[in-house]
2 protein chains.
Amino acid sequence: MSLQNTLKALADPIRREILSMLKNGKMSAGDISGHFDVTFASISRHLSVLKEADLIRDTREGKFIFYELNTSVLEEIMLWLTDLKGDVNNDKEE
Amino acid sequence: MSLQNTLKALADPIRREILSMLKNGKMSAGDISGHFDVTFASISRHLSVLKEADLIRDTREGKFIFYELNTSVLEEIMLWLTDLKGDVNNDKEE
DNA sequence: TTAACATTTAACCTAAATGTTAAATGAAGT
DNA sequence: ACTTCATTTAACATTTAGGTTAAATGTTAA
C-alpha cells in the first residue's frame with residue numbers, strides 16, 4: 001500500500017530473497033519455505049508481510065497456495081528514489 | 001554500505017523525511033532536529049543510521065555539524081529494483 | 001581554563017519484529 | 001465423516017528498533 005509498508009517489507013533479507021526467487025515464476029509456499037533455514041510458519045509470516053505490502057499475490061490451486069511477484073508497487077519506490085536523487089530531466093531547473 | 005543497511009535506513013519515515021529535507025542543501029543537526037517532534041538525541045541517532053548507510057555525509061564547521069545527502073548508494077537500490085521488475089532491455093529475452 | 005553551545009553517546013524503557021512450537025483451517029482423497 | 005497434506009494463525013520467547021533523560025565530547029569565545 002504505502003511507501004512505508006513497501007520499504008519495511010523490503011528491509012528484510014529473507015523477504016528480498018523470496019521476491020528474487022519469484023522472479024522465475026510462481027511458487028508454492030512450501031517450495032519457498034524449503035529454501036530457507038527457518039520454520040514454515042516463519043516464512044508464512046514473511047509471505048503475509050509481502051502480501052500486505054502488495055509485493056506478491058497468492059492464488060490457491062487445490063491444496064497449494066501459489067505466490068507470484070507483483071512489481072507494480074515498486075514504481076512508487078523508484079519514483080521516490082528518483083526524486084530524492086534530484087533527477088530533474090522532467091523540467092528545467094534554474 | 002550494503003543494500004541491507006540502505007533499505008533498513010530508508011524504512012523509517014523520519015529518516016526519509018530527513019533525506020527529503022536535505023535535497024535542498026546541507027543542514028546542521030540542530031536545524032534538522034527542529035523539524036521534528038522528537039528529541040535531539042533521537043534525531044542524532046537517526047542521523048547516525050543514515051550515515052552508516054552512507055546516505056548522508058557530515059562535515060563539521062565550527063560548532064556545527066552539517067549533513068548533506070549522498071545519493072550514490074541509491075543506485076544500488078535502483079539496480080536491485082530494476083532487476084526485480086525484470087527489466088530485460090539489456091538483452092533480448094526469448 | 002571555564003562557560004556556553006552543538007551534538008553525540010550511554011543507560012534505560014517500551015514497543016515492534018522475528019523466530020519457535022502447537023493448534024487451527026481448508027482442500028482432496030478414501 | 002475421517003485422514004492427510006499444505007498452509008496459516010495463535011501464543012509465547014527473544015531480539016531489535018526507537019524514544020527519553022542524563023552524562024560526555026568537542027568547539028568557540030571570554
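Please refer to the structure higher up on the page.
Only a predicted model underlies this, so the values are computations on that prediction, with no experimental measurement involved. (Residues numbered from 1 in each chain as written. Chains lettered and ligands numbered in written order. Predicted model: local features only at pLDDT ≥ 70, side-chain atom pairs only at ≥ 80, totals over all residues. Heavy atoms only, no water.)

**Concerning the protein's contact with DNA strand D**
Every one of the 23 residues lining DNA strand D counts as a neighbour, but Gly30(A), Tyr67(A), Thr39(B), Arg45(B) and His46(B) are closest to it. Protein-proximal atoms of DNA strand D, defined as those within 4 Å of the protein, fall in sugar or phosphate at a share of 70%. One of the backbone nitrogen or oxygen atoms of Ala29(A) is found 3.2 Å away from a phosphate oxygen of DNA strand D. Measuring from a phosphate oxygen of DNA strand D, one finds a side-chain N or O atom of Ser42(B) at 2.9 Å. Mapped onto the surface near DNA strand D, the elements with two or more residues apiece are helix H3 (29-34), helix H4 (40-52) and strand S3 (64-69) of chain A together with helix H2 (13-21) and helix H4 (40-52) of chain B. By residue number, the principal contributor to the surface near DNA strand D is H4(B), which donates four residues. (Near = heavy atom within 4 Å. Polar contact = N/O pair within 3.5 Å; in protein donor to acceptor, adjacent residues only side chain to side chain. Helix = DSSP H or I, 4+ residues; strand = E, 2+ residues; numbered from the N terminus.)

**Some remarks on the protein's contact with DNA strand C**
As a matter of local geometry, DNA strand C sits amid 23 residues, with Thr39(A), His46(A), Gly30(B), Ser44(B) and Tyr67(B) nearest to it. Near the protein, within 4 Å, the atoms of DNA strand C are sugar or phosphate in 72% of cases. A distance of 3.2 Å is found between a phosphate oxygen of DNA strand C and a side-chain nitrogen or oxygen belonging to Asp12(A). Interatomic distance of 2.8 Å between a side-chain N/O atom of Arg45(A) and a base nitrogen of DNA strand C. At the level of elements, helix H2 (13-22) and H4 of chain A together with helix H3 (29-34), H4 and strand S3 (64-69) of chain B are the ones that each hand at least two residues to the surface near DNA strand C.

**Notes on the pattern of salt bridges**
All names here are of chain A. A full pass over the atoms with the stated rule returns ten salt bridges over all chains. One salt bridge connects Lys51 with Asp58, and the closest N-O pair in it is separated by 3.1 Å. Overall, Lys51 belongs to the partly exposed group, its relative accessible area being 38%. (Salt bridge = Lys/Arg side-chain N within 4 Å of Asp/Glu carboxyl O. Buried < 20%, exposed > 50% of the residue type's maximum accessible area, 1.4 Å probe, protein only.)

**Observations regarding the relation of the copies chain A and chain B**
Mapping chain A onto chain B calls for a screw motion: a turn of 180° about the axis and a shift of 0.0 Å along it, with 0.1 Å RMSD after fitting. Look at the turn and shift together and you get a two-fold axis relating the two. (Least-squares fit on C-alpha atoms with pLDDT ≥ 70 in both.)

**Focus on the packing of aromatic side chains**
Residues and elements named next belong to chain A. Enumeration over the complete set of coordinates arrives at two aromatic pairs over all chains. Ring centres of Phe64 and Phe66 lie 6.2 Å apart, and the angle between their planes is 40°; this geometry places the pair in the tilted category. The ring of Phe66 has Lys26 sitting right over it, with the charged end atom 5.6 Å from the ring centre. (Phe/Tyr/Trp six-rings, centres within 6.5 Å; stacked < 30°, edge-to-face > 60°. Lys NZ or Arg CZ within 6 Å of the ring centre and 35° of its normal.)

**Looking at the pairing of strand S2 (residues 56-61) of chain B**
Residues and elements named next belong to chain B. Bridging between S2 and S3 involves six bridges; their strand directions are antiparallel. Bridging across to S3, Glu61 finds its partner in Phe64. From the end of S2 to the start of S3, which pair antiparallel, there are two residues, and Gly62 there has a positive phi angle of about 65°. (Pairing = 2+ DSSP bridges.)

**Some thoughts on the interface of chain A and chain B**
The figure often quoted for interface size is the accessible area lost as the parts come together. Tallying the contact residues gives 24 residues for chain A and 24 residues for chain B. When chain A packs against chain B, close to 2300 Å² is buried across both sides, 68% of that on carbon and sulfur atoms. For the chain A face of the interface with chain B, the top three residues by lost area are Met78(A), Leu84(A) and Lys85(A), together amounting to 27%. Connecting chain A to chain B are four salt bridges. Glu75(A) is paired through a salt bridge with Lys85(B); the nearest N and O atoms lie 2.8 Å apart. The interface formed by chain A and chain B contains eight residue pairs in polar contact (both at pLDDT 80 or more). (Contact = heavy atoms within 4.5 Å. Buried area = accessible area lost by both parts, 1.4 Å probe.)

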